[in-house]
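Each chain, written out:
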Amino acid sequence: MIKPSRVGHATFETPDIDKALAYYTEVNGLKLASRTKDRAYLASKTGLLTLALELGREENLRRISFEVSPKADFSDMAKTLAADGVKSEVRSDSVPGIGKVLAFDDPKGTTIELFQDWSYLGAHHQVLGAGPLKLGHIAYTVPDPQAIADFYCRVLGFRVSDWIEDFFVFLRCNPDHHTVNFIRGPKAKMHHIAFEMKDFAHIQDACELLALRKIPIN
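Below is a short write-up of the structure. (Residues numbered from 1 in each chain as written. Predicted model: local features only at pLDDT ≥ 70, side-chain atom pairs only at ≥ 80, totals over all residues. Heavy atoms only, no water.)

Turning our eyes to something else, we now look at the layout of surface pockets. Size it by volume and the largest pocket reaches roughly 660 Å³. Lining of the largest pocket is provided by 17 residues; of these, Tyr23, Asn28, Ile193, Phe195 and Leu210 occupy positions nearest its centre. Listing elements by their share of the lining of the largest pocket, those giving two or more residues are helix H1 (17-26), strand S13 (189-196) and helix H4 (200-212). The leading source of residues in the lining of the largest pocket is H4, at four residues. Residue composition of the lining of the largest pocket, by class: 15 nonpolar, two polar and no charged. Taken together, 22 residues line the second largest pocket, and the ones lying closest to its centre are Phe12, Glu13, Glu59, Asn60 and Leu61. Breaking the lining of the second largest pocket down by element, the ones donating at least two residues are strand S1 (6-14), H1, strand S5 (60-67) and S13. No other element matches the four residues that H1 contributes to the lining of the second largest pocket. (1 Å grid on protein atoms, 1.4 Å probe; cavity = no way out; pocket = protein on both sides within 12 Å on 5 of 7 lines; lining within 4 Å. Points joined across faces, edges and corners; volume = space filled by probe spheres on them. Helix = DSSP H or I, 4+ residues; strand = E, 2+ residues; numbered from the N terminus. Nonpolar A, V, L, I, M, F, W, Y, C, P; charged D, E, K, R; others polar.)

In structure tokens:
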């Protein structure tokens with residue numbers, strides 16, 4: 001069974017990379033690690049690759065990466081996926097701090113990238129904005145939460161932490177309460193993305209920053 005140990009980074013498509021960069025660096029508090037015309041990579045203040053931005057026609061969460069054990073074998077994982085009818089391929093795209101990945105699509109069309117080799121993109125970055133430590137979890141709306149939860153548990157080795165009735169499920173791949181969660185909705189799309197902060201004081205500072213910028217806090 002494939003067993004991810006943590007979520008790595010998320011890749012967003014956006015029609016306006018400059019606007020997205022301004023938000024994620026000046027408000028969210030990530031550090032621009034690398035930039036081309038059509039792509040940008042952002043790290044947390046601790047140096048973890050956290051987000052990738054790619055030019056696209058509309059805003060969309062395109063890919064999510066998960067770290068697997070250094071002892072895991074890509075060929076064995078590909079065979080495990082194939083046995084479940086999932087096609088995969090090894091990619092060696094030039095992503096800062098990440099080696100080759102095993103890529104495949106989940107049932108809702110999001111590309112999952114499994115990686116082993118990685119490195120920090122610097123350390124102790126001085127950042128503007130909230131300055132999260134790392135990516136926390138990602139939530140989606142999907143028409144059938146049970147079906148997508150079954151896929152993540154059966155194929156990717158996730159475990160169920162909680163259900164809220166039959167419409168909201170929380171899944172984990174490590175001791176954190178949840179890494180991904182799925183809520184029933186008319187179509188598959190991202191519901192929200194969360195970032196981990198150091199402590200409650202860090203959250204308070206972030207709230208003050210958002211208030212100063214007149215960004216509503218839900």
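After that view, the rundown keeps rolling.
Time to look at helix H2 (residues 74-83). Within the span of H2, buried status applies to Phe74, Met77 and Leu81. Down the axis of H2, the smallest arc covering the buried residues is 65 degrees, so these residues share one side. Pointing more than 90 degrees away from the buried face of H2 are the exposed residues Lys79 and Ala83. Where H2 is buried, its residues touch strand S6 (89-91), strand S7 (101-105), strand S8 (111-115) and helix H3 (145-156). Its side-chain oxygen placed 2.9 Å from the backbone nitrogen of serine 75, aspartate 73 serves as the N-cap of H2. (Buried < 20%, exposed > 50% of the residue type's maximum accessible area, 1.4 Å probe, protein only. Arc of directions from axis to C-beta. Contact = heavy atoms within 4.5 Å. Polar contact = N/O pair within 3.5 Å; in protein donor to acceptor, adjacent residues only side chain to side chain.)

A word on the nonpolar core. With 43 residues, the main nonpolar core has Leu51, Leu114, Ile138, Tyr152 and Phe182 as its most contacted residues. The biggest single contributor to this core is H3, with six residues. Discounting residues that sit within four places of it in the chain, leucine 51 has contacts with His9, Ala10, Phe12, Tyr24, Leu30, Ala40, Tyr41, Leu42, Ile193 and Phe195. (Core = buried A, V, L, I, M, F, W, Y, C linked by side-chain atoms within 4.5 Å.)

This part takes up the sheet that holds strand S9 (residues 134-142). The strand order S10-S11-S12-S9-S13 describes an open sheet built from five strands, whose pairing is mixed. At either end of the open sheet lies a strand with only one pairing partner, and these are strand S10 (159-164) and S13. In this sheet, adjacent strand axes meet at a mean angle of 20 degrees when their direction is disregarded. Alignment of S10 against strand S11 (residues 168-172), held across five bridges, turns out to be antiparallel. By the bridge assignment, isoleucine 164 is partnered in S11 with phenylalanine 168. H3 rests against S9, S10, S11 and strand S12 (180-184) of the sheet, and its axis sits at about 160 degrees to S12. (Pairing = 2+ DSSP bridges. Axes fitted to C-alpha atoms, helices over the stretch in contact; angles between N-to-C directions.)

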